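Given next are the chains, with one letter for each unit.
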Amino acid sequence: MKTALRIVTLLLTLMLAFAALPVRAEAINVNDNHGGSVAAYNARWAGLAARGVSVRIVGPCQSACTVLLGHIPRERICVTPAASFGFHLAHLPQATATLRAAYASDITGWINAHGGLTDTFIWMRAPDTYKYFKKC
């Protein structure tokens, strides 16, 4: 009986020790992402955010891809020198509203200072990206 109790105690101790280890979060790279359906991207990024992913922007993230800014906390986003965000109006008013809601006030301020959302892309690149996101 004492042996069984020792084994259970050892197992519980090991379980607690492993539970205390830091969990390595999943990280994904965003590169050459041309966007698409805002609704589909909104759902995708919401799911990834719920899993606690970190995101490395290593190339263009344009159009619907930028909705990630409303789901992934900024502390879990990093940018490389090649990172860029391409902002523009969506084809549907509701999709544009979803994009606008995804952008924090400082990002919206940057967009507005560069002409606002129009049919033409405006690009946030380094060094501006480094003002808003940490370097990878």
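Structure's up top.
Quick caveat, the model's predicted, so the values are computed rather than measured.

Colleague: Which residues make up the sheet that holds strand β2 (residues 54–57), and what are the values?
Modeller: With parallel pairing, the four strands of this open sheet are ordered in space as β1-β2-β4-β7. The open sheet terminates on both sides in strands that have one partner only, identified here as β1 (27–30) and β7 (134–135). Sheet analysis places strand β4 (residues 77–79) next to β7, joined by two bridges and oriented parallel. In the sheet register, Val 79 faces β7, and the bridge partner there is Lys 135.

Colleague: Now, about the pattern of salt bridges: what can you tell me, with residues and values included?
Modeller: If you walk through the whole model with that rule in mind, you get three salt bridges. In this structure, Arg 74 engages Asp 106 in a salt bridge whose closest nitrogen and oxygen atoms are separated by 2.7 Å. Here Arg 74, found in the loop between β3 (60–62) and β4, pairs with Asp 106, found in helix α4 (residues 105–113); they are 32 residues apart in sequence, far enough to count as distant.

Colleague: Can you lay out unusual backbone geometry for me, pointing to particular residues and giving the numbers?
Modeller: Backbone torsion omega between Ala 126 and Pro 127 reads 10°, so that peptide bond is classified as cis. Tracing the backbone through its elements, the reader meets Pro 127 in the loop between β6 (122–125) and α5 (128–132). You will see that Asp 32, though not glycine, has its phi angle at about 55°, which is positive. Along the chain, Asp 32 turns up in the loop between β1 and α2 (38–50). Residue Asp 32 is classed as partly exposed on the basis of its relative accessible area, which comes to 46%.

Colleague: Give a detailed account of the side chain of Gln 62, specifying residues and quantitative values.
Modeller: For Gln 62, the position within the fold is in strand β3. At a separation of 3.5 Å, a polar atom in the side chain of Gln 62 contacts the side chain of His 34. Among all residues touching Gln 62, those that are not within four sequence positions of it are Asn 33, His 34, Gly 35, Gly 86, Phe 121 and Trp 123.

Colleague: Describe the state of the cysteines, naming the residues involved and giving the relevant values.
Modeller: Within the structure shown, the criterion is met by two disulfides. The partner cysteine of Cys 61 in its disulfide is Cys 65, sulfur to sulfur 2.2 Å. Here the disulfide of Cys 61 and Cys 65 is left-handed, its torsion about the S-S bond being about -110°. The class of Cys 61 is buried, set by a relative accessible area of 0%. Relative accessible area serves as the criterion here: at 0%, Cys 65 is assigned to the buried category. Covalent S-S linkage joins Cys 78 and Cys 136, the inter-sulfur distance amounting to 2.0 Å. The chirality of the disulfide connecting Cys 78 with Cys 136 is right-handed, given an S-S dihedral of about 95°. With a gap of 58 residues between them, Cys 78 in strand β4 and Cys 136 in the segment after β7 connect regions that are remote in the sequence.

Each value, and the rule that gives it
Every residue gets a number counted from 1 within its own chain, in the order that chain's sequence is written. In keeping with the model being predicted, local features are shown solely for residues with a pLDDT of at least 70 and side-chain atom pairs are shown and tallied solely at 80 or more, while totals for entire chains, interfaces and linings include all residues. Hydrogens and water molecules were not included; the side-chain quantities draw on all heavy atoms of the structure. What makes two strands pair is DSSP finding at least two bridges between them. Numbering of helices and strands runs from the N terminus; a helix is a DSSP stretch of H or I covering at least four residues, while a strand is a stretch of E covering at least two. Only one rule defines a salt bridge in this text: a Lys or Arg side-chain nitrogen within 4 Å of an Asp or Glu carboxyl oxygen. Note on exposure labels: buried denotes an accessible area under 20% of the residue type's maximum, exposed denotes more than 50%, and partly exposed covers the range between, all computed with a 1.4 Å probe on protein chains only. Between N or O atoms, a polar contact is any pair within 3.5 Å; within protein, one atom must be a potential hydrogen donor and the other a potential acceptor, and residues adjacent in sequence are included only when both atoms are from side chains. The contact criterion used is simple: two residues touch if any of their non-hydrogen atoms lie within 4.5 Å. In this description, the term disulfide denotes a pair of cysteine sulfurs within 2.5 Å.

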